Amino acid sequence: MRDLLADLPLDQVTTSMTINATASTLLLLYQLVGEEQGVSGGQLRGTIQNDILKEYVARGTYIYPPRQSMRLVVDTFDYCAKEMAQWNTISISGYHIREAGSTAVQEIAFTLANGVAYVEAAIAAGFGVGRLRTAVEFLLQRAQQSLRGSRQVPRRAAPVGLDHA
């Protein structure tokens, strides 16, 4: 990680990491390199995908059992809220669900259901809903091509807060 980030000014860039099962580990390594550069966790900006449920549904690239995986996702929400407040802790993605053969409607249904599961797990762990306002985003790039009125579906990931729930 040091070699990868050696010449990047981490206080001046926003990083997006499409990583799921090992998201928390990669994020910690990123934070440690940032600190070595003199950049605190609170100054780091970016997103980790951290969408483990999508891995179970569409790809099979998970490491831990579901319950432990969900705990790791929620623990990452909590850690970032405390240590890395500018970091987006999850990008719930339908892309791979669509690539695995779903219809556009199924892609949206699975993606939204996964989002609900993450929020429910966070609440069950005592994580206040208000803290999720900026932590959760959805990525539905493929579904927009198939839906009528696709101009209503964002072309990029967008944070989803309580007002969108």
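Residues numbered from 1 in each chain as written. Predicted model: local features only at pLDDT ≥ 70, side-chain atom pairs only at ≥ 80, totals over all residues. Heavy atoms only, no water.

Engineer: Would you take a moment to explain the overall build of the chain for this structure?
Structural biologist: A count of helical and extended segments in the chain gives 6 helices and 6 strands. Relative to its full complement of 165 residues, the chain shows a buried share of 39%. Within the chain, residue pairs in contact and separated by at least 24 positions form 72% of the contacts whose partners lie at least 6 positions apart. Counting only carbon and sulfur atoms, one obtains 52% of the accessible surface of the chain, whose full area is about 9,300 Å². (Helix = DSSP H or I, 4+ residues; strand = E, 2+ residues; numbered from the N terminus. Buried < 20%, exposed > 50% of the residue type's maximum accessible area, 1.4 Å probe, protein only. Contact = heavy atoms within 4.5 Å. Areas by Shrake-Rupley, 256 points an atom, 1.4 Å probe, with all protein chains shown as cover.)

Engineer: Can you walk me through the packing of aromatic side chains in this structure?
Structural biologist: In this description, a pair of aromatic rings is defined by centroid distance and the angle of the planes. Per the counting criterion, the structure on display carries 3 aromatic pairs. An angle of 55° between the planes, with centres 5.3 Å apart, marks the rings of tyrosine 30 and tryptophan 87 as tilted. Of the two residues, tyrosine 30 is situated in helix α2 (residues 23–36) and tryptophan 87 in strand β3 (residues 87–88); the sequence distance between them amounts to 57 residues. Accessibility expressed as a relative area gives 1% for tyrosine 30, which makes it buried. With a centroid separation of 4.2 Å and 20° between ring planes, the pair formed by tyrosine 56 and tyrosine 62 is classed as stacked. (Phe/Tyr/Trp six-rings, centres within 6.5 Å; stacked < 30°, edge-to-face > 60°.)

Engineer: I tried to follow the pairing of strand β2 (residues 45–48) on my own but got confused; where do I start?
Structural biologist: Within a regular strand, the side chains alternate between the two sheet faces. Of the strand pairs in this sheet, strand β1 (residues 14–17) and β2 are connected by 4 bridges, and their pairing is parallel. Paired with serine 16 across the two strands is threonine 47, which belongs to β2. Handedness of the β-α-β unit built from β1, α2 and β2 comes out right-handed. Pairing of β2 with β3 involves 2 bridges; the strand directions are parallel. Its bridge partner lying in β3, glycine 46 is registered against tryptophan 87. (Pairing = 2+ DSSP bridges. Right-handed = clockwise from strand over helix to strand, strands pointing away.)

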